[in-house]
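Structural description and commentary
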4 protein chains.
Amino acid sequence: MNRTLRASIVGASGYAGGELLRLLLDHPQIEVQQATSESNQTKYLYSLHPNLRGRTTLKFSSVADLEPCDVLFVSLPHKTSMEKVPQLREKAKYIIDLSADFRLNTPDTYKHWYKVDHAAPELLPEFAYGIPEVNRAHIKISRFASGAGCNATATILGLYPLVKAGISIERVIVDIKAGSSEGGNKPSLASHHPERSGCVRSFSPVGHRHTAEVLQVMGWTEASKVQMSVTAIDMVRGILATLHVFTPEKLRDKDLWKIFRMAYQDEPFMRIVKDSQGIYRYPEPKILIGSNYCDVGFEIDEESGRIVIISAIDNLMKGAAGNAVQAMNVMCGFPETAGLSFPGLHPV
Amino acid sequence: MNRTLRASIVGASGYAGGELLRLLLDHPQIEVQQATSESNQTKYLYSLHPNLRGRTTLKFSSVADLEPCDVLFVSLPHKTSMEKVPQLREKAKYIIDLSADFRLNTPDTYKHWYKVDHAAPELLPEFAYGIPEVNRAHIKISRFASGAGCNATATILGLYPLVKAGISIERVIVDIKAGSSEGGNKPSLASHHPERSGCVRSFSPVGHRHTAEVLQVMGWTEASKVQMSVTAIDMVRGILATLHVFTPEKLRDKDLWKIFRMAYQDEPFMRIVKDSQGIYRYPEPKILIGSNYCDVGFEIDEESGRIVIISAIDNLMKGAAGNAVQAMNVMCGFPETAGLSFPGLHPV
Amino acid sequence: MNRTLRASIVGASGYAGGELLRLLLDHPQIEVQQATSESNQTKYLYSLHPNLRGRTTLKFSSVADLEPCDVLFVSLPHKTSMEKVPQLREKAKYIIDLSADFRLNTPDTYKHWYKVDHAAPELLPEFAYGIPEVNRAHIKISRFASGAGCNATATILGLYPLVKAGISIERVIVDIKAGSSEGGNKPSLASHHPERSGCVRSFSPVGHRHTAEVLQVMGWTEASKVQMSVTAIDMVRGILATLHVFTPEKLRDKDLWKIFRMAYQDEPFMRIVKDSQGIYRYPEPKILIGSNYCDVGFEIDEESGRIVIISAIDNLMKGAAGNAVQAMNVMCGFPETAGLSFPGLHPV
Amino acid sequence: MNRTLRASIVGASGYAGGELLRLLLDHPQIEVQQATSESNQTKYLYSLHPNLRGRTTLKFSSVADLEPCDVLFVSLPHKTSMEKVPQLREKAKYIIDLSADFRLNTPDTYKHWYKVDHAAPELLPEFAYGIPEVNRAHIKISRFASGAGCNATATILGLYPLVKAGISIERVIVDIKAGSSEGGNKPSLASHHPERSGCVRSFSPVGHRHTAEVLQVMGWTEASKVQMSVTAIDMVRGILATLHVFTPEKLRDKDLWKIFRMAYQDEPFMRIVKDSQGIYRYPEPKILIGSNYCDVGFEIDEESGRIVIISAIDNLMKGAAGNAVQAMNVMCGFPETAGLSFPGLHPV
């Protein structure tokens with residue numbers, strides 16, 4: 001367990017790339033070998049990721065100079081990734097791709113949601129969907145894993161206990177509140193501070209693409225069972241997913257406690273947050289900033305039977321880099337929490 | 001139309017009271033006569049409402065010294081208001097009460113939602129529910145009007161066009177994002193800046209009391225038709241209501257345009273916001289701060305038929321003081337927009 | 001006094017242009033005739049200034065189609081303005097330029113601070129420096145006025161009472177806290193929400209160009225008397241200037257009260273804010289959002305004699321558009337507060 | 001080096017106490033034994049520090065039940081601490097007090113700034129001022145250390161290189177921008193979110209008490225050499241100190257580089273941040289949240305010779321709990337960075 005693997009990151013200039021670097025530089029069993037960014041070659045990593053100043057003297061390199069390594073993280077934009085991964089697959093034993101390109105099982109589903117033909121359909125069967133809490137056994141025996149969509153992750157981890165327990169679900173309305181780092185590091189008028197500050201913006205009222213991942217993991221074929229709406233709020237990191245769940249079954253509070261405990265009692269990154277008092281009695285993303293936790297809670301509407309499930313993550317951690325490192329830990333046989341011990345801050 | 005009426009405010013120390021003062025001090029047909037606050041007697045109004053510095057030299061007085069006036073606004077806490085209004089009703093020709101105490105038509109409904117017997121049930125029939133867009137004719141012939149709940153207002157104004165057009169509605173999930181001024185001006189740990197800043201807090205996942213007003217205005221008896229969840233976000237003023245509406249009818253985009261236009265084309269404070277491009281293409285509360293507008297927009301989920309209606313207001317304006325002044329304008333025969341011309345700011 | 005003048009705005013797509021439109025559309029003696037933006041021709045004004053939706057159906061036009069008007073506001077970028085104004089001067093009786101190009105009296109000073117030759121030095125003597133509180137008589141008899149720099153305005157209005165009273169000043173350290181709208185509406189990495197949110201960024205620790213205006217208005221030739229540092233904070237609108245003033249004179253609290261009252265007691269937009277209790281006992285920009293006030297307060301450091309002057313404005317109002325409308329009111333003989341009555345909000 | 005010491009915290013319910021718990025629970029050589037809070041006895045630690053949910057099952061205990069330990073952190077309010085510490089000193093070999101009570105060397109200085117007689121003057125000589133970067137040798141041989149004031153820490157670490165290099169300093173104006181967690185966890189109207197959000201509030205324009213610590217560390221007797229003003233901004237954690245330094249010496253950029261490098265090149269928590277490009281080219285507190293770094297940068301005003309030094313910390317870390325753990329590491333012979341490896345986040 002004390003062996004050290006070499007890890008490299010392709011596309012390390014973005015926000016997920018920066019978080020991967022932060023985590024891997026302090027990971028007890030990883031040595032960071034290379035971090036590529038075509039447009040930032042020869043710059044210090046800390047010139048784009050200022051929190052790493054004093055932590056590494058590595059510079060960005062070009063993917064053309066990528067050397068073989070043990071674990072390769074690919075953090076390229078959607079559609080670019082599926083073009084590059086086929087060429088990269090011989091560079092490393094393990095590959096974890098953070099884009100949307102290898103999350104869906106079939107090229108048809110991909111085309112339906114992303115409106116383009118998949119460039120490497122032959123690779124899809126080799127990728128394990130990378131949320132350990134719902135797919136650990138598969139990840140453990142795979143060479144390749146895909147990161148999950150951040151909004152999909154918060155949704156899936158909120159719903160999973162019900163589905164695992166065999167609860168029949170008619171319909172789920174997923175109302176997501178999301179921070180600005182979801183949009184990446186490219187400036188635009190929508191991300192311009194005077195416009196984005198203080199906003200409560202209906203970003204994607206209907207048709208959000210992460211719906212596809214939720215359906216796939218739940219094993220649901222009827223698209224209308226999951227209906228997502230995403231609202232952008234004045235927050236940099238964080239997702240709060242409010243899931244309004246309709247079921248014909250009559251569930252009581254103690255049933256849900258049992259269902260959630262059965263699903264998550266042994267999971268190191270899942271916490272059930274449902275207190276009768278206090279101000280943090282439901283999940284809240286701000287205290288998760290920088291941590292890999294997904295906090296989940298619930299409440300039952302007595303009048304209607306609606307179940308409200310609340311799920312919170314840091315979109316760059318459990319929603320991207322943190323989850324990717326967790327998946328790597330699973331694949332490589334490391335302790336699952338290695339490099340992921342930061343608990344989050346309070347107050348913040 | 002040039003006559004001036006004397007207005008007084010009972011309970012003028014709170015946030016809604018402050019907004020009433022701001023609006024009434026600049027209202028062309030109103031002279032502010034008195035503003036009461038028992039715990040702030042003899043202090044200048046601007047000591048609590050610092051934006052009024054230099055605008056008035058009035059001081060807070062006691063309700064014991066209240067003199068007769070033409071219009072009396074009562075801005076007391078719920079439950080206190082119904083104790084006081086019976087004694088105040090002879091002080092003024094017109095009374096507008098901003099609490100929850102005179103919104104519901106029957107004492108039974110009040111008790112069901114507020115868990116206490118109504119102290120003045122005989123007055124309930126005299127109060128008109130004070131949202132002009134849905135109840136103008138009644139307000140016009142009434143001496144008494146009740147303000148509406150802020151979250152109820154955003155919800156009602158989003159739903160009203162559908163109901164007015166006779167669309168059958170199975171169920172509405174109302175997911176509200178709310179600012180901190182909804183909670184009033186009393187400090188608590190929940191409102192303490194290090195805790196409240198950056199929060200995305202499930203404030204009322206089920207059982208929100210404003211549900212009662214929505215049901216009453218819609219004329220629905222089945223409580224489970226409206227299911228609200230309120231999430232507190234890092235914002236001082238503002239409400240964004242995302243309404244997930246389920247209907248058996250097949251509505252197209254142009255049907256909804258027609259329905260919303262029919263309901264609101266002559267309304268001075270309703271704007272339909274639904275553009276195909278730009279960053280403000282749906283309603284957004286931040287550009288409504290200080291204004292009396294309610295902006296509404298919508299989108300149809302093609303896969304499921306779900307209609308997503310988006311409604312935004314400033315909770316202290318259209319959700320409280322602005323709407324109360326609008327109701328006063330209706331009752332008193334003033335131009336409905338008098339004193340309410342501020343359009344909101346951008347950027348902000 | 002009831003006559004109406006026609007006003008047009010060249011360069012109306014920016015934030016100051018938007019505020020000018022908001023103010024002029026509601027100004028009792030102004031009719032807005034044209035608003036130009038080369039890159040937004042034929043778009044509705046509200047497509048860029050969403051708060052004006054429902055307030056005007058005007059569209060942006062080209063400066064090439066500019067028709068004669070009574071008052072022309074020029075809101076172009078620095079350096080562009082001095083190229084265009086010579087061609088525009090025959091279009092209107094009154095011109096108010098909001099750029100930096102016509103603020104400094106001599107081409108040499110301009111070149112020293114802006115590092116470029118002035119393109120229209122012959123026009124400099126025709127422009128009155130446009131802060132009415134310090135230059136009203138000159139503005140009144142001028143056809144042309146220049147807006148003042150926002151940071152300069154906050155500084156000048158804080159210092160002016162001392163200088164007017166003949167107090168000898170050795171040195172002033174001006175420490176400015178500024179919002180993001182100062183930077184205009186062009187997105188960049190520095191204004192990208194995930195980077196700009198929560199920042200406390202030393203934007204201009206030394207050498208800020210607005211220093212030149214302060215020196216000019218104070219009549220000081222020694223550049224080192226005024227030393228500015230600007231720090232960008234997480235705020236959209238607003239400036240708080242903390243002025244650390246050193247004087248050999250021994251001034252007491254009551255001396256400063258007298259000095260500030262003498263300077264500002266008749267000024268409609270200046271308020272002295274210095275209370276012994278309360279949370280708004282010094283000037284604070286947030287309650288000035290949308291208003292044209294400049295609030296000023298002060299405190300004396302007993303140990304050292306340092307005077308701390310605190311000055312707050314809304315940078316887009318008293319720091320730009322509001323002040324420009326005030327200057328227009330002075331030039332055109334309108335009541336000085338016409339169109340500028342909005343008092344600001346609380347809470348906000 | 002592998003031995004483990006037992007640490008307890010008296011007054012663990014506050015924000016500094018919470019951070020101490022977070023750090024000590026993950027410290028490789030510390031076992032947390034007890035955490036006291038009189039008003040929260042028998043509650044779980046995570047009920048007040050929600051980020052610790054799942055990290056510890058400890059509950060708050062009473063100081064009356066405090067057992068002997070190796071290291072005792074005292075995190076009580078000013079004035080309470082000096083009453084309690086005399087009784088606590090036999091409980092532990094090492095005591096680190098985070099209040100202001102043991103920072104100043106003499107009871108007279110304490111009384112001058114805190115307006116009360118010191119209750120335990122005999123203990124003052126036993127306390128080492130606890131900033132390792134300026135007092136490491138003393139801390140290493142002491143049993144007792146005092147934490148430093150957060151605003152003092154940012155100021156001292158900015159100034160120290162100049163003083164260490166023997167640069168003559170005439171006067172320093174310290175303009176501090178501070179977050180809300182400085183005020184602790186007790187709600188008040190000043191900390192009420194609708195009032196505190198968006199504020200830029202002159203909290204302490206003159207006479208700030210941390211001045212005393214700066215003077216003491218610098219060895220300056222003339223109080224007017226250091227002049228602080230503190231402005232509260234909309235931020236939870238963080239301090240940016242802008243130091244305007246006046247010296248008769250002519251220093252160039254490369255002189256300052258040398259001076260700062262000499263002072264800090266071997267310091268693990270000090271980073272010199274002064275780049276010619278990029279958006280984080282000066283210190284910025286937001287990327288330090290949760291980390292123990294103090295970032296310092298500087299610029300010279302060519303016209304006047306003024307030196308602007310910029311210093312940033314997380315007030316709860318390098319300004320309180322983090323620095324206290326660092327001091328403990330020094331006292332106990334642990335590696336100085338033990339338990340303090342978190343680098344901070346980006347974006348955030």
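Residues numbered from 1 in each chain as written. Chains lettered and ligands numbered in written order. Predicted model: local features only at pLDDT ≥ 70, side-chain atom pairs only at ≥ 80, totals over all residues. Heavy atoms only, no water.

1. Focus on the environment of B:F73
With respect to the helices, strands and loops of the structure, B:F73 is situated in strand β3 (residues 69-74). In contact with B:F73, other than residues within four places in its own chain, are B:A7, B:S8, B:I9, B:V10, B:L20, B:L24, B:I96, B:L98, B:A324, B:V325 and B:M328. (Helix = DSSP H or I, 4+ residues; strand = E, 2+ residues; numbered from the N terminus. Contact = heavy atoms within 4.5 Å.)

2. Concerning the interface of chain A and chain B
If you look at the interface, chain A gives 50 residues, while chain B gives 50 residues. Regarding the contact of chain A and chain B, the summed buried area is about 4,000 Å², with carbon and sulfur atoms giving 57% of it. When residues of chain A are sorted by the area they lose upon contact with chain B, A:V200, A:V206 and A:I279 head the list and together hold 15% of the total. Along the contact surface separating chain A from chain B lie 4 salt bridges. A:D175 serves as the salt-bridge partner of B:K177, at 2.9 Å between the closest nitrogen and oxygen. Across the chain A-chain B interface, the total number found is 27 residue pairs in polar contact (both at pLDDT 80 or more). Sorting the residues of the side of chain A that touches chain B by element identifies β7 (171-178), α7 (193-196), β8 (200-204), β9 (226-233), β10 (239-246), β12 (294-300) and β13 (307-313) of chain A as the ones contributing at least two each. With 5 residues, β9(A) is the largest single contributor of residues to the side of chain A that touches chain B. Of the residues in the side of chain A that touches chain B, the class split is 25 nonpolar, 12 polar and 13 charged. (Buried area = accessible area lost by both parts, 1.4 Å probe. Salt bridge = Lys/Arg side-chain N within 4 Å of Asp/Glu carboxyl O. Polar contact = N/O pair within 3.5 Å; in protein donor to acceptor, adjacent residues only side chain to side chain. Nonpolar A, V, L, I, M, F, W, Y, C, P; charged D, E, K, R; others polar.)

3. Side note on the nonpolar core
Nonpolar side chains in soluble globular proteins generally cluster together in the buried interior. Residue and element names in this part refer to chain D. Counting residues in hydrophobic clusters, the biggest one holds 68 residues, and the most contacted among them are L72, L159, V245, L256 and F260. Looking at this core, the element that brings in the most residues is helix α6 (residues 150-164), giving 8 residues. Both of domain 1 (5-147 + 320-332) and domain 2 (151-313) provide at least three residues apiece to this core. Each residue touching L256, except ones within four places of it in the same chain, is listed here: L162, L251, F298, I300 and I307. (Core = buried A, V, L, I, M, F, W, Y, C linked by side-chain atoms within 4.5 Å. Buried < 20%, exposed > 50% of the residue type's maximum accessible area, 1.4 Å probe, protein only. Domains from an automatic or database assignment.)

4. Some remarks on the pattern of salt bridges
Counting across every chain of the model gives 80 salt bridges over all chains. Among the salt bridges present, the one from C:R103 reaches C:E213, with a minimum N-O distance of 2.9 Å. On the criterion of sequence distance, the pair formed by C:R103 in the loop between β4 (92-97) and α4 (107-114) and C:E213 in helix α8 (residues 211-218) is long-range, its members being 110 residues apart. C:R103 gets classed as buried once you look at its relative accessible area, which sits at 5%. Across the pair D:E19 and D:R22 runs a salt bridge whose closest N-O atoms are separated by 2.8 Å. A residue pair is termed a helical-turn pair when its members lie 3 or 4 positions apart in one helix, as D:E19 and D:R22 do in helix α1 (residues 15-25) at 3 residues. Of the two residues, D:E19 and D:R22, both sit in the buried class. Here the residues in one salt-bridge network are A:E19, A:R22, A:R237 and A:D314, joined through shared partners.

5. Quick word on the relation of the copies chain A and chain B
Overlaying chain A on chain B yields an RMSD of 0.0 Å, the required transformation being a rotation through 180° with an accompanying axial translation of 0.0 Å. On this basis, the relationship between the two copies can be described by a two-fold rotation axis. Looking at the interface residues of chain A, 100% of them are also at the interface in chain B, so both copies use one shared face. (Least-squares fit on C-alpha atoms with pLDDT ≥ 70 in both.)

6. Notes on the domain arrangement of chain A
Residues and elements named next belong to chain A. Per the domain assignment, the segments making up chain A are domain 1 (5-147 + 320-332) and domain 2 (151-313). Taking only C-alpha atoms into account, the centre of domain 1 sits 25 Å from that of domain 2. Taken residue by residue, the interface counts 19 residues in domain 1 and 24 residues in domain 2. Carbon and sulfur atoms make up 56% of the area that domain 1 and domain 2 hide from each other, which totals about 1,900 Å². The largest contributions to the domain 1 side of the interface with domain 2 come from Y15, W113 and E133, which together make up 33% of the buried area.

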